[in-house]
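Here is what each chain is made of, one letter per residue.
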Amino acid sequence: MLSGKEFLETLRDGRRVYIGSERVDDVTTHPAFRNAAQSFAMIYDRKLAPENRELMVCEEDGEEFSTYYLKPRSREDLERRYETHRRIASWSYGLLGRSPDNFPSYLAGLATRPELLNELHEGFGDNLTRYYRHARRDDLFLTHTVTNPQTTRRGVPLAEGATSPTLRVVSEDDSGVVVNGLKMIGTSAIFCHDAWVGNLQPVPEGHEDETIT
């Protein structure tokens with residue numbers, strides 16, 4: 001479980017952030033980002049405070065983790081998650097649209113049925129389970145970016161010699177895939193530990209290399 005101070009320290013990891021042409025060396029101190037960074041740190045501290053810890057920290061298999069990583073198995077679990085999200089939203093007056101509790105909800109939901117992914121591709125559900133345990137153990141702040149750039153809309157032909165700017169797979173081997181291209185609207189990505197990159201939009205025939213997540 002990370003404290004607010006520890007969370008801020010994790011952001012000093014050499015991440016590459018730009019405002020226009022300006023390279024931001026430390027998002028925790030730069031005037032454009034320091035207040036938001038402190039707001040996220042406040043959430044990490046408050047969930048560990050005595051008045052919140054019993055609700056907002058869970059224990060399973062000898063590990064403590066944030067309740068927003070809890071896989072709900074009962075009405076009580078759902079109510080506990082609801083109150084966790086409600087408190088976090090109230091602390092920011094609803095102005096932190098993608099706070100640390102947002103994307104773990106997606107991940108916890110997927111982790112309740114890993115066999116669905118194993119049915120699609122052997123081992124994918126097992127990989128997801130391992131990632132879920134890693135994320136909740138290390139108290140990760142996660143986000144996702146799934147919106148394609150709008151410089152080329154579907155149905156509009158590209159200029160001769162041009163390639164789509166949308167992120168896509170360009171090669172694949174036994175060690176994994178190589179991707180190239182852009183995704184947009186990674187809300188809070190500047191402050192996150194991991195970003196899931198994927199696709200939610202319909203993909204026309206011939207663009208299957210853009211379907212990676």
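Residues numbered from 1 in each chain as written. Predicted model: local features only at pLDDT ≥ 70, side-chain atom pairs only at ≥ 80, totals over all residues. Heavy atoms only, no water.

Regarding the nonpolar core
Then step 1. Formed by 35 residues in total, the largest nonpolar core has its most connected members in Phe7, Tyr69, Leu107, Ala135, Phe141, Leu142 and Phe191.
Then step 2. Secondary structure elements with two or more residues in this core: helix H1 (4-10), helix H2 (34-48), helix H3 (50-56), helix H4 (75-91), helix H5 (103-111) and helix H7 (124-137).
Then step 3. No other element matches H2, which puts 5 residues into this core.
Then step 4. In this structure, Phe7 is in contact with Leu2, Ala37, Phe40, Ala41, Tyr44, Phe141, Phe191 and His193, ignoring residues within four places of it in sequence. (Core = buried A, V, L, I, M, F, W, Y, C linked by side-chain atoms within 4.5 Å. Buried < 20%, exposed > 50% of the residue type's maximum accessible area, 1.4 Å probe, protein only. Helix = DSSP H or I, 4+ residues; strand = E, 2+ residues; numbered from the N terminus. Contact = heavy atoms within 4.5 Å.)

As for the side chain of Arg98
Then step 1. Residue position: Arg98 is located in the loop between H4 and H5.
Then step 2. Buried and without a salt bridge, Arg98 has Asp101 as its closest oppositely charged side chain, separated by 9.7 Å.
Then step 3. The contacts of Arg98, once residues within four sequence positions are left out, are Phe40, Phe141, Thr143, His144, Ile185, Gly186, Thr187 and Ser188. (Lys, Arg positive; Asp, Glu negative; His and termini not counted. Salt bridge = Lys/Arg side-chain N within 4 Å of Asp/Glu carboxyl O.)

A look at H2
Then step 1. Taking 1.5 Å per residue as the helical rise, H2 with its 15 residues ought to reach 21 Å, and the 22 Å between its terminal C-alpha atoms agrees with that figure.
Then step 2. Of the surrounding secondary structure, the elements contacted by the buried residues of H2 are H1, H3, strand E3 (57-60), strand E4 (63-66) and H4. (Expected span 1.5 Å × (residues − 1).)

Focus on the confidence of the model for the protein chain
Then step 1. Of all residues in the protein chain, 95% have pLDDT values of 70 or greater, and the mean over the chain is 92.
Then step 2. Taken element by element, the predicted model of the protein chain shows its lowest mean pLDDT in strand E7 (residues 176-180) (93) and its highest in H1 (98). (pLDDT = per-residue confidence, 0-100.)

Description of H4
Then step 1. Under the 1.5 Å per step criterion, the end-to-end length of H4 is 25 Å for 17 residues, consistent within 8% with the ideal 24 Å.
Then step 2. Every buried residue of H4 is accounted for by Asp77, Arg81, Glu83, Thr84, Arg87, Ile88 and Trp91. The buried side chains of H4 occupy one side of the element, clustering within an arc of 160° when seen end-on. Projecting away from the buried face of H4 at angles above 90 degrees are the exposed residues Arg75, Leu78 and Tyr82. (Arc of directions from axis to C-beta.)

What to know about the pairing of strand E5 (residues 142-145)
Then step 1. Burial along E5 is two-sided: Leu142 and His144 and Thr143 and Thr145, pointing in opposite directions, are all buried.
Then step 2. Sheet topology note: the E5/strand E8 (residues 194-197) ladder contains 4 bridges and is parallel. Looking across to E8, one finds that Leu142 is bridged to Asp194. (Pairing = 2+ DSSP bridges.)

Re the pattern of salt bridges
Then step 1. This structure, assessed with the given rule, holds 12 salt bridges.
Then step 2. Arg53 is the partner of Glu64 in a salt bridge, and the nearest nitrogen-oxygen pair spans 2.7 Å. On the criterion of sequence distance, the pair formed by Glu64 in strand E4 and Arg53 in helix H3 is long-range, its members being 11 residues apart.
Then step 3. Sharing partners across several salt bridges, the network here consists of Glu9, Arg12 and Asp26.

Topic: the pairing of E7
Then step 1. With 5 bridges joining them, strand E6 (residues 168-173) and E7 adopt antiparallel strand pairing. In the strand pairing of E7, Glu172 is matched with Val177.
Then step 2. Here E6 hands over to E7 after 2 residues, the two strands then running antiparallel side by side.

Regarding the environment of Glu83
Then step 1. Within the secondary structure, Glu83 sits in helix H4.
Then step 2. In this structure the C-alpha to C-alpha distance between Glu83 and Pro50, which are 33 residues apart in sequence, comes to 16 Å.

So, the packing of H5 against H7
Then step 1. Viewed as axis vectors pointing N to C, H5 and H7 meet at an angle of 140°, and their least axial separation amounts to 10 Å. The orientation of H5 with respect to H7, classified from their angle, is oblique. Relative to H7, the crossing made by H5 is left-handed. Across the interface between the two elements, Leu107, Ala108, Leu110 and Ala111 of H5 pack against Leu128, Tyr131, Tyr132 and Ala135 of H7.
Then step 2. Its residues placed into classes, the contact of H5 with H7 shows 8 nonpolar, no polar and no charged. (Axes fitted to C-alpha atoms, helices over the stretch in contact; angles between N-to-C directions. Parallel < 35°, antiparallel > 145°, perpendicular 65-115°, else oblique. Left-handed = near helix turned anticlockwise from the far one by under 90°. Nonpolar A, V, L, I, M, F, W, Y, C, P; charged D, E, K, R; others polar.)

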